[in-house]
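Breakdown of the fold
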Protein chains: 2
Amino acid sequence: MPNIGIVGAGIAGLQLGLKLRQHDVPVTIYTDKTAAQLASGRLLNSVAHHGPTIQRERELDVHFWPVEEYGYSCHHHYVGGPSPLSFRGDFARWSSAIDYRLYLPRLTKAFEERGGTLEVRMLQAEDIEPIADRHDLLVVAAGRGAFSALFPRRPEYSPYDKPQRVLSVGFYNGITYSEPKGVTISVSPGHGELLEIPMYSAAGFTTALLFENVPGGELEILGRKSYDEDPAGYERLVLDLLAKHHPQTFERVDPASFGLTGPLDILQGALTPTVRQDYAALPNGKYALAIGDVHTVVDPVVGQGANSASHSAWVTGEEILADYALDEEFCKRVAARRADVVLGAAQWTNFMLTPPPEHLLQLFGAMSQDQAVANEFTDNFDYPDRQWRILATPERTREFLARHAKS
Amino acid sequence: MPNIGIVGAGIAGLQLGLKLRQHDVPVTIYTDKTAAQLASGRLLNSVAHHGPTIQRERELDVHFWPVEEYGYSCHHHYVGGPSPLSFRGDFARWSSAIDYRLYLPRLTKAFEERGGTLEVRMLQAEDIEPIADRHDLLVVAAGRGAFSALFPRRPEYSPYDKPQRVLSVGFYNGITYSEPKGVTISVSPGHGELLEIPMYSAAGFTTALLFENVPGGELEILGRKSYDEDPAGYERLVLDLLAKHHPQTFERVDPASFGLTGPLDILQGALTPTVRQDYAALPNGKYALAIGDVHTVVDPVVGQGANSASHSAWVTGEEILADYALDEEFCKRVAARRADVVLGAAQWTNFMLTPPPEHLLQLFGAMSQDQAVANEFTDNFDYPDRQWRILATPERTREFLARHAKS
């Protein structure tokens, strides 16, 4: 039975740890924060879990927030401009968004209850060798920290050298959910996107507003201006910009009760989408495998990061359980098996950050006219490899639409 | 609906053509020989079809020789040397070996009956552009000929620059089948292998003897000496060398009736195992995809070539039917999806051509003691990727055997 070390207690590290514990594999997860620190800390993200991720949660017996009760069934699209488009796409399987300050501590608890070992400590570069010596395989599942330097950037899948969006995500009171309950994806051409997400947090149901702001656009300020220095002013600014740029969400806002749900319920920043090498040889002859953010950082604009990380953890777990050695051959198999989904998610996401090319606009136009097209695009949030098949070239989108037109 | 051109009417080209015709895709297969020429010509090979290939035949409605009647259930192993080993491994699903002078013409007929176009002509390098212009995708499924130069050799998967075995394969009278009916794999250490295969040909049930002779060994002469110049002398030589090197087969030979089934029923030669690039861009902007021998030539020592080609054809067909464009993205997907089986077959086969390392001998030893080990090794002829998992390193074989020892 191999002994596995996992660096990082995010969704990838925890789901992998839980999967291995289902088969009694000894696992240690290293993390720099306790579950209690996470639970009481600043907002971590505004992640949605799609159908395949929820299915994995069920199989891991950690689907603690039943999607039928906490989830949602669709995406509402709004594309602004001179002739705005508004349409809806339905999922075949529901999605849900649970505050990671609930989610990660609950999975951490399950991991420990099921015999996993958690070590809370800050790891430095000099810890790599002693930690590698304790395990047969090191799985690095932490996007930041000393261990990420093990995995060089892959330029062929990393087209950007700086962030393409300036982000502001917060949980807000005073927004009535869309009907049916769903995520609203609103595009303000030239200025960026808003993802309005029906979220469940410690305080109950709330709404996340994830502003994806184009640098240089009118909404960039939401990622730059300090909330703490002037909370009321920040909230007024959000309202004003919502009204101008994302009217479909604004029309469900009650200005009187609108406001952040708490001072820690906002996160601002920016990230550079990056794909890194799948694995690295360690000085002791063993291997370190990258999963989750340390392998692919994607912008959250189409909600793929956590789902991609969960997929990667699942494939890694299956291969650990199936294989006879955790050597380079093993690492290559994991890399090959996850490539379609994980690289598909990265490529699709990066594509969505470009100024929209003609074929994407054509697709949006078709979605507004043809419910089956809108549903397939929506359902493909579960299958980023299929989405990328459709979007990779203008010819592909044209053929996709031609087939729908015929059917 | 795309229009597909296939160069080559071997198993890969025909099975792909048949799969596409099941979905009404227009297909032209180019070949340099008519079915009648093949049927009346020299022996082509001594190919066994394993479980997954037979399953694909069923799905293509071309399983014309029911495996229950024409097939066999096991491998009989004999490893010579000072302490010979003899043991048997059983398949979960039966295999079968049908003379390709029956098989290919019958599939060609089915292909044409089902609306496929066959063009019999010799293609030259200057034909590439005009043929590419006639189709949306060119699938090259012919190991030889002008089109193979499109695909450069991949040195990382092509460890040899010359043949590792000198081959002689013939169909022989006078050999009683093993009991239960199966392929006998006989190893004469330092001199090579014999595969004795229960074969069905136009004349009925017969036996193929495929001699895999190590250059410089005592059996090399079987691949060098001309049969035609002295048929009786050649057959006497076969008998003598069988008696000395492959006694488990020899003991079922009746010398009085032993002999080749016909003057064309022998093929001698040698091949250099080679893996080539998956695809090539054509001058007109379209793509050529390599499947079968033009993609991977494997030595026949573990019977993987045709099965690997069939797998590659199947994956290619599925992707043609599923995808929206036959562009580089498409080619990369085919390459990624088939890599485990196709490269697994190539790597496993190349490994079997080396002087057997200690861990292979340990595996043979274990097979002779533990029926479950022998059965798993045998069944993995259906799954070369699984076989390669076990054999890629000594540590892997050790762990595989340790798990069997515990179970």
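Residues numbered from 1 in each chain as written. Chains lettered and ligands numbered in written order. Predicted model: local features only at pLDDT ≥ 70, side-chain atom pairs only at ≥ 80, totals over all residues. Heavy atoms only, no water.

What follows covers the overall build of chain A. Assigned secondary structure in chain A consists of 15 helices and 16 strands. Radius of gyration (C-alpha) of chain A: 21 Å, near the 22 Å computed for a compact globule of 407 residues. Across the 407 residues that make up chain A, the buried fraction comes to 58%. Carbon and sulfur atoms provide 51% of the accessible area of chain A, an area that totals close to 15700 Å². One way to put it: in chain A the 37 positive side-chain charges average out to a point 2 Å from where the 51 negative ones average out. (Helix = DSSP H or I, 4+ residues; strand = E, 2+ residues; numbered from the N terminus. Rg over C-alpha atoms; globule rule 2.2 N^0.38 Å. Buried < 20%, exposed > 50% of the residue type's maximum accessible area, 1.4 Å probe, protein only. Areas by Shrake-Rupley, 256 points an atom, 1.4 Å probe, with all protein chains shown as cover. Lys, Arg positive; Asp, Glu negative; His and termini not counted. Charge placed at Lys NZ, Arg CZ, Asp CG, Glu CD.)

Let us look at the side chain of B:E196. Residue and element names in this part refer to chain B. For E196, the position within the fold is in strand β9 (residues 192–201). In this structure E196 comes out as buried when scored by relative accessible area, which is 2%. For E196, the side chain forms a polar contact with the side chain of T249, separated by 2.7 Å. The residues contacting E196, other than those within four sequence positions of it, are I175, T176, G182, V183, T184, T207, A208, L209, T249 and R252. (Polar contact = N/O pair within 3.5 Å; in protein donor to acceptor, adjacent residues only side chain to side chain. Contact = heavy atoms within 4.5 Å.)

Our focus in this paragraph is the confidence of the model for chain A. Looking at chain A, the pLDDT average stands at 97 and 100% of residues meet or exceed 70. For this predicted complex, the interface score ipTM comes out at 0.91, alongside a pTM of 0.95. (pLDDT = per-residue confidence, 0-100.)

Residues and elements named next belong to chain B. Their axes nearest at 5 Å, the elements helix α12 (residues 358–369) and helix α13 (residues 371–379) cross at an angle of 120 degrees. Taken together, the axis directions place α12 and α13 in an arrangement best described as oblique. For α12 against α13, the interelement crossing comes out left-handed. In contact with L363, F364, A366, M367 and Q369 of α12, α13 contributes Q371, V373, A374 and F377. When the residues that make up the contact of α12 with α13 are grouped by side-chain class, the tally is seven nonpolar, two polar and no charged. (Axes fitted to C-alpha atoms, helices over the stretch in contact; angles between N-to-C directions. Parallel < 35°, antiparallel > 145°, perpendicular 65-115°, else oblique. Left-handed = near helix turned anticlockwise from the far one by under 90°. Nonpolar A, V, L, I, M, F, W, Y, C, P; charged D, E, K, R; others polar.)

For the pair chain A and chain B, the superposition axis carries a translation of 0.0 Å, the fit reaches an RMSD of 0.0 Å, and the rotation angle comes to 180 degrees. Here the transformation between the copies is reduced to the relation of a two-fold axis. Residue A:A336 of chain A places its C-alpha closer to the rotation axis than any other residue of that unit, at 3.5 Å. A shared interface surface links the copies, since 100% of the contact residues of chain A are contact residues in chain B too. (Least-squares fit on C-alpha atoms with pLDDT ≥ 70 in both.)

Residues and elements named next belong to chain B. Strands sit in the order β5-β2-β1-β6-β15-β14 across an open sheet of six strands; the sheet is mixed. Here the strands that pair on one side only, and so sit at the sheet edges, are β5 (117–120) and β14 (279–281). Neighbouring strand axes in the sheet, compared pairwise and without regard to direction, differ in orientation by 20 degrees on average. The pairing of strand β1 (residues 4–7) with strand β6 (residues 137–140) spans four bridges and is classified as parallel. The partner of I4 across the bridge, within β6, is L137. Sheet strands touched by helix α5 (residues 100–113): β2 (27–31) and β5. Its angle to β5, the strand with the most contacts, is close to 125 degrees. (Pairing = 2+ DSSP bridges.)

The domains assigned to chain A are domain 1 (4–47 + 100–160 + 272–352), domain 2 (166–269) and domain 3 (358–406). A separation of 28 Å is found between the C-alpha centroids of domain 2 of chain A and domain 3 of chain A. (Domains from an automatic or database assignment.)

Residues and elements named next belong to chain A. With respect to the helices, strands and loops of the structure, L38 is situated in helix α2 (residues 35–39). L38 sits in the buried class, given a relative accessible area of 17%. Remark: the alpha-carbon pair of L38 and Y100, spanning 62 residues in sequence, is separated by 8.4 Å.

Residue and element names in this part refer to chain A. Between the first and last C-alpha of helix α1 (residues 11–22) there are 16 Å, a value that for 12 residues agrees with the 16 Å anticipated at 1.5 Å per step. Among the 12 residues in α1, 11 count as buried, and that is most of the element. Buried residues of α1: I11, A12, G13, L14, Q15, L16, G17, L18, K19, L20 and R21, and no others. On the buried face of α1, the contacting elements are β1 (4–7), β2 (27–31), α3 (51–59), α5 (100–113), β6 (137–140) and α10 (305–322). Where α1 ends, the next residue or the one after it, D24, has phi of about 65 degrees, a positive value. (Expected span 1.5 Å × (residues − 1).)

Moving on to the interface of chain A and chain B. In this assembly, 22 residues from chain A lie in contact with 22 residues from chain B. Buried area between chain A and chain B, both sides added, is near 2100 Å², and the carbon and sulfur share of it is 39%. Counting the surface chain A buries against chain B, the share from its top three residues, A:Y324, A:R389 and A:R396, is 40%. Here A:E319 ties to B:R389 by a salt bridge, and the two come within 2.9 Å at their closest N and O atoms. (Buried area = accessible area lost by both parts, 1.4 Å probe. Salt bridge = Lys/Arg side-chain N within 4 Å of Asp/Glu carboxyl O.)

Residues and elements named next belong to chain B. With respect to the element layout, E57 can be found in helix α3 (residues 51–59). Of the side chains with opposite charge, R58 comes closest to the buried, unpaired E57, at an N-O distance of 7.6 Å. Separated by 2.9 Å, the side chains of E57 and H63 make a polar contact. Those residues in contact with E57 that sit more than four places away from it in its chain are Q15, H49, V62, H63 and Y103.

Further remarks concern the sheet that holds β2(A). Residue and element names in this part refer to chain A. Judged by pairing direction, the sheet is mixed, and its six strands sit side by side in the order β5-β2-β1-β6-β15-β14 without closing on themselves. At either margin of the open sheet sits one strand with a lone partner, and together these are β5 (117–120) and β14 (279–281). Neighbouring strand axes in the sheet, compared pairwise and without regard to direction, differ in orientation by 20 degrees on average. Its contacts with the sheet place α5 against β2 and β5, and it is angled at close to 125 degrees to β5.

As recorded in UniProt, the sites labelled "domain: Styrene monooxygenase StyA putative substrate binding" (unreviewed entry) are residues 143–252 of chain A. Between the C-alpha atoms that bound residues 143–252 of chain A there is a distance of 36 Å. The span itself is 21% helix and 32% strand. (UniProt positions renumbered as here; feature names shortened; annotations may be inferred.)

Ring pairs (aromatic) are described by centroid distance and by the angle formed between their planes. Residue and element names in this part refer to chain A. Throughout the structure, instances matching the rule amount to 34 aromatic pairs over all chains. Taken together, the ring pairs connect F87, W348, F364, F377 and F381 into an aromatic cluster. A cation over an aromatic ring shows up here: R106 above the ring of F64, its NZ or CZ 3.8 Å from the ring centre. (Phe/Tyr/Trp six-rings, centres within 6.5 Å; stacked < 30°, edge-to-face > 60°. Lys NZ or Arg CZ within 6 Å of the ring centre and 35° of its normal.)

Take the environment of A:V302 next. All names here are of chain A. Positionally, V302 belongs in the loop between β16 (296–297) and α10. A relative accessible area of 5% places V302 in the buried class. Put simply, V302 and E220 are 82 residues apart on the chain and 19 Å apart in space, counted from C-alpha to C-alpha. Beyond its immediate stretch of four places on either side in the chain, V302 contacts H50, W348, T349, M352 and F381.

What follows is about the packing of helix α12 (residues 358–369) of chain A against helix α15 (residues 394–406) of chain A. All names here are of chain A. Across the interface, α12 lies against α15 with an axial gap of 9 Å and an inter-helix angle of 15 degrees. By the angle class used here, α12 and α15 are roughly parallel. In this structure, the crossing between α12 and α15 has a hand that is left-handed. Together, H359, Q362, L363 and A366 of α12 and P394, T397, F400 and L401 of α15 make up the contact between the two elements. Residue composition of the contact of α12 with α15, grouped by class: five nonpolar, three polar and no charged.

Here we come to unusual backbone geometry. Residue and element names in this part refer to chain A. Residue P180 follows E179 across a cis peptide bond; omega there is -10 degrees. Checked against the element boundaries, P180 lands in the loop between β7 (166–173) and β8 (182–188). The phi torsion at D24 lies on the positive side, around 65 degrees, for a residue other than glycine. Turning to its location among the elements, D24 is positioned in the loop between α1 and β2.

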